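Reading the structure
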Amino acid sequence: MTATVCPRCKSGDPITDYEGKQDGATVWTILRCPTCNFSWRDSEPASAIHPVSRSTDFAVDAGNLRRYPKILQQ
Amino acid sequence: MNDLPNRARSISSLRDFLGLLEDAGQAITWNERVMPEPDVRNIAVAASRDANGAPAILFDNIAGYPGKRLAVGVHGSWDNIALLLGRPKGTTIRELFFEIAGRWGDAEAQISFVPEAQAPVHECRLEQDINLYDILPVYRINEYDGGFYIGKASVASRDPLDPDDFGKQNVGIYRLQIQGPDSFTLMTIPSHDMGRQIMAAERAGVPLKIAVMLGNHPGLAVFAATPIGYEESEYAYASAMMGAPIRLTKSGNGIDILADSEIIIEAELQLGERELEGPFGEFPGSYSGVRKAPIFKVTAVSHRRDPIFENIYIGRGWTEHDTLIGLHTSAPIYAQLRQSFPEVTAVNALYQHGLTGIISVKNRMAGFAKTVALRALSTPHGVMYLKNLIMVDADVDPFDLNQVMWALSTRTRADDIIVLPNMPAVPIDPSAVVPGKGHRLIIDATSYLPPDPVGEAHLVTPPTGAEIDELSKRIREMQLGAMS
């Protein structure tokens, strides 16, 4: 399965970080969203990684990343 | 399995401890093929239902990770903690508490240094083209975590402003989220040692190098989570508490590390940079929010041959996190309270890192237990964590919740409570109206003393003490024997 959007913030162009291989075949791929930093494996259950089935409670607002607080401010 | 105390003292690595656990029937190997998600999480959660007897689980057949090994639940039950302390399976939590409390402050550290070339942890070394996913068989710990987490890392660092001071080296457990092949974020707060060091390095514009130790001496994982003073070395403390030597060596970036750990990740803080981190299913059983956290760049990795990646399941309790830190949350509060009030007889702060604590005390006068409770709130751990306190008399075992409920039922009036509003609170407490600020509750479930007019009831006195404890264990053994 090749993802075109991030399951969490729906941004495009995920980066492939790693392919798990066994006996020469790719078993799964780990992807990362360059917008919200969500990382996922394409073999995970749909409830965690499918943009439609995934709970919206954990969505990240890609249009307003400033709302997320920065820790350890001077 | 004779001479458990000596066997425990001879442990120098995770592998030694897994061997001990296996001999005692407390470690199993899961060699059936599993998917990283959701299988590893499901198996870890199923194991942690048995807080008393769950085994450690070693996975060696994870799809997509041929040849890699993963251990979970190493500290996942009281029986495993008992074996680490040189006590037999079936030792009660109360006995384990007094085992720890008795070691507090009266032992000496034994630290030895191993040349880097002879340290098992440096058997294999990577300095280029590092991809953490190629080394660690990670899995999503909870379903909505923001990524793949290293949940049981002991992170070692030197004070960036005083790098030559051994005592100011910090070792602590912090959650790390992998952020691409060679980067990770680290979550901390300003009051934690690592938070102080990050802020100091960024203020002064000096480098902060760290060494992330994975798969460690099982004593370090326990004691690195114990709140001790900033200038006390966690290595020295762990050695003293274990009554056993600890072998250190140097990481490639100059930090003292355990010579027998499975994996070391060397990394450097990216000064002033923050990246989105979280959520993460945390110990209160709820997810933390998404925040921007400091990010570290990996500079090198050392590991033993065929390393074991040790990780944890943490989330809604009961989990390995609770058995890992519960007694070592309770024992310091006990020791600190007894400096002011020797009337304190035990402290049970096992629940959600002490968000609820139960303290037993010899009540000296009417209302005395409330005074002791207020002192508990000013201990280092109490300042942020002790939210609900239940005070019971010394004739109630705070580790026996049936007895605690008896005290609540028979010795508490509705006005025997104190609510302290708008106190400091641990930011991830989901009940807080505002993260970081909340109310404290003290329930005085001790008996009545003059000038209270009611006085103590005429109590039934069933037999108690060591003889009854032994009989109870014997009945349990006979029951288990009848089943086999």
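Within each chain, residue numbers correspond to sequence positions counted from 1 in written order. Whichever chain is written first is A, and whichever ligand is written first is 1; the rest continue in order. Two thresholds apply to this predicted model, a pLDDT of at least 70 for residue-level local features and 80 or more for giving and counting side-chain atom pairs, whereas whole-chain, interface and lining totals are computed over all residues. Only hydrogens and water are removed before side-chain values are computed, so all heavy atoms of the structure are retained for them.

1. Overview of the overall build of chain A
Along its length, chain A carries one helix and three strands. Under the DSSP-based scheme used, a helix requires at least four consecutive residues in state H or I and a strand at least two consecutive residues in state E, with every element numbered from the N terminus. Each helix and strand of chain A, placed in order from N terminus to C terminus, yields the pattern β-β-β-α. As a reference, a globule follows 2.2 Å times the number of residues to the power 0.38, and the radius of gyration itself is taken over C-alpha atoms. Its C-alpha radius of gyration of 14 Å places chain A more than 25% over the 11 Å reference for a compact globule of 74 residues. Principal-axis analysis of the C-alpha atoms places the extent of chain A at approximately 50 × 30 × 20 Å. Only protein chains enter the accessibility calculation, which uses a 1.4 Å probe. A residue is then buried if its area is under 20% of the maximum for its type, exposed if over 50%, and partly exposed in between. Within chain A, buried positions represent 45% of all 74 residues. Residue contacts are counted whenever heavy atoms from the two residues lie within 4.5 Å of one another. Contacts in chain A between residues far apart in sequence, at least 24 positions, make up 36% of those at least 6 positions apart. Per element, the accessible surface of chain A, about 3,900 Å² overall, is 47% carbon and sulfur. With residues, only the protein chains shown are counted as cover, and all accessible areas are computed by Shrake-Rupley using a 1.4 Å probe.

2. Things to note about the packing of helix α10 (residues 320-340) of chain B against helix α11 (residues 368-377) of chain B
Residues and elements named next belong to chain B. Between N-to-C directions, angles cover 0 to 180 degrees, with each direction set by a line fitted to C-alpha atoms, over the stretch in contact for helices. Interhelical geometry of α10 versus α11 gives an angle of 125° and a closest axis separation of 10 Å. Classified by the angle between their axes, α10 and α11 sit oblique to one another. Considering only the axes of α10 and α11, their crossing is right-handed. Of the residues in α11, those touching α10 at Gln336, Leu337 and Ser340 are Val372, Arg375 and Ala376. In this classification, the charged set is Asp, Glu, Lys and Arg, the nonpolar set is Ala, Val, Leu, Ile, Met, Phe, Trp, Tyr, Cys and Pro, and all remaining amino acids, among them Gly, are polar. A breakdown of the residues in the contact of α10 with α11 according to their chemical character gives three nonpolar, two polar and one charged. The labels follow the angle: roughly parallel below 35 degrees, roughly antiparallel above 145, roughly perpendicular from 65 to 115, and oblique for the rest. In this scheme the handedness of a crossing depends on how the near helix is turned from the far one: anticlockwise by less than a right angle means left-handed, clockwise means right-handed.

3. Some details on the side chain of B:Glu343
Mapping B:Glu343 onto the fold places it in the loop between α10 and β15 (344-351). Pairs of N or O atoms within 3.5 Å make up the polar contacts considered here, provided that, within protein, one atom can donate a hydrogen while the other can accept it, and that residues adjacent in sequence are counted only when both atoms are side-chain atoms. Of the polar contacts made by the side chain of B:Glu343, one reaches the side chain of B:Arg364; its length is 2.6 Å.

4. Some words on the pairing of strand β17 (residues 388-393) of chain B
Residues and elements named next belong to chain B. For β17, the buried fraction is high: five of the six residues fall into the buried class. Strand pairing is assigned whenever DSSP detects at least two bridges linking the two strands. Relative to β17, strand β16 (residues 356-361) is paired through six bridges, and the arrangement is parallel. Pairing of Ile359 across the sheet is with Met391, part of β17. Following the backbone out of β16, through α11 and into the adjacent parallel β17, one traces a crossover that is right-handed. Bridging between β17 and strand β19 (residues 437-445) involves five bridges; their strand directions are parallel. Within β19, the position partnered with Met391 by the bridge is Asp444. Viewed with both strands pointing away, a crossover whose connecting path from the first strand over the helix to the second turns clockwise is right-handed.

5. Quick notes on the sheet that holds strand β3 (residues 39-41) of chain A
All names here are of chain A. Pairing within the open sheet is antiparallel, and its three strands lie in the order β1-β2-β3. In the strand order of this sheet, the two ends are held by β1 (15-22) and β3, each with one partner. Shown here is a sheet whose adjacent strand axes are inclined to one another by a mean of 20°, direction ignored. Both strand β2 (residues 25-32) and β3 contribute to a ladder of three bridges, which runs antiparallel. Looking at the pairing, Arg32 lines up with Ser39 of β3.

6. Topic: the interface of chain B and chain A
Each side of the interface is counted separately: chain B has 49 residues, and chain A has 35 residues. By the criterion of area lost to chain A, the three top residues of chain B are B:Tyr144, B:Leu276 and B:Lys292, representing 20% of everything that side buries. For this document, the term salt bridge refers to a Lys or Arg side-chain nitrogen within 4 Å of an Asp or Glu carboxyl oxygen. Across the contact surface, chain B and chain A share two salt bridges. Residue A:Arg41 pairs with B:Glu37 through a salt bridge whose shortest N-O separation is 2.8 Å. The interface formed by chain B and chain A includes 25 residue pairs in polar contact (both at pLDDT 80 or more). Broken down by secondary-structure element, the contributors of at least two residues to the side of chain B that touches chain A are α3 (36-47), α6 (132-135), β7 (170-178), β8 (183-187), α7 (193-204), β12 (263-277) and β13 (291-303) of chain B. For the side of chain B that touches chain A, the element with the highest residue contribution is α7(B), accounting for five residues. Residues that form the side of chain B that touches chain A fall into these classes: 26 nonpolar, 11 polar and 12 charged. Computed with a 1.4 Å rolling probe, the buried area is the accessible surface lost when two parts are put together, summed over both parts.

7. Observations concerning empty space enclosed by the protein
Rolled over the atoms, a probe as big as a water molecule pinpoints where empty space is left. Residue and element names in this part refer to chain B. Here a cavity denotes a set of grid points, spaced 1 Å apart and computed over the protein atoms alone, in which a 1.4 Å probe fits but from which it cannot get out, and a pocket denotes an open set meeting protein on both sides within 12 Å along at least five of seven lines; residues with an atom within 4 Å of a point are reported as lining. Grid points are joined across faces, edges and corners, and a volume is the space filled by probe spheres set on the points. Counted according to the given criterion, the structure contains three cavities of 30 Å³ or more. The calculated volume of the largest cavity comes to roughly 100 Å³. Considering the residues around the largest cavity, the lining is formed by Ala44, Ala47, Ser48, Ala54, Pro55, Ile57, Val72, Gly73, Gly76, Tyr313 and Glu320. Class assignment for the residues of the lining of the largest cavity results in seven nonpolar, three polar and one charged. Together, Ile11, Ser12, His217, Pro245, Ile246, Arg247, Leu258, Asp260 and Ser261 line the second largest cavity. Split into classes, the residues belonging to the lining of the second largest cavity amount to four nonpolar, three polar and two charged.

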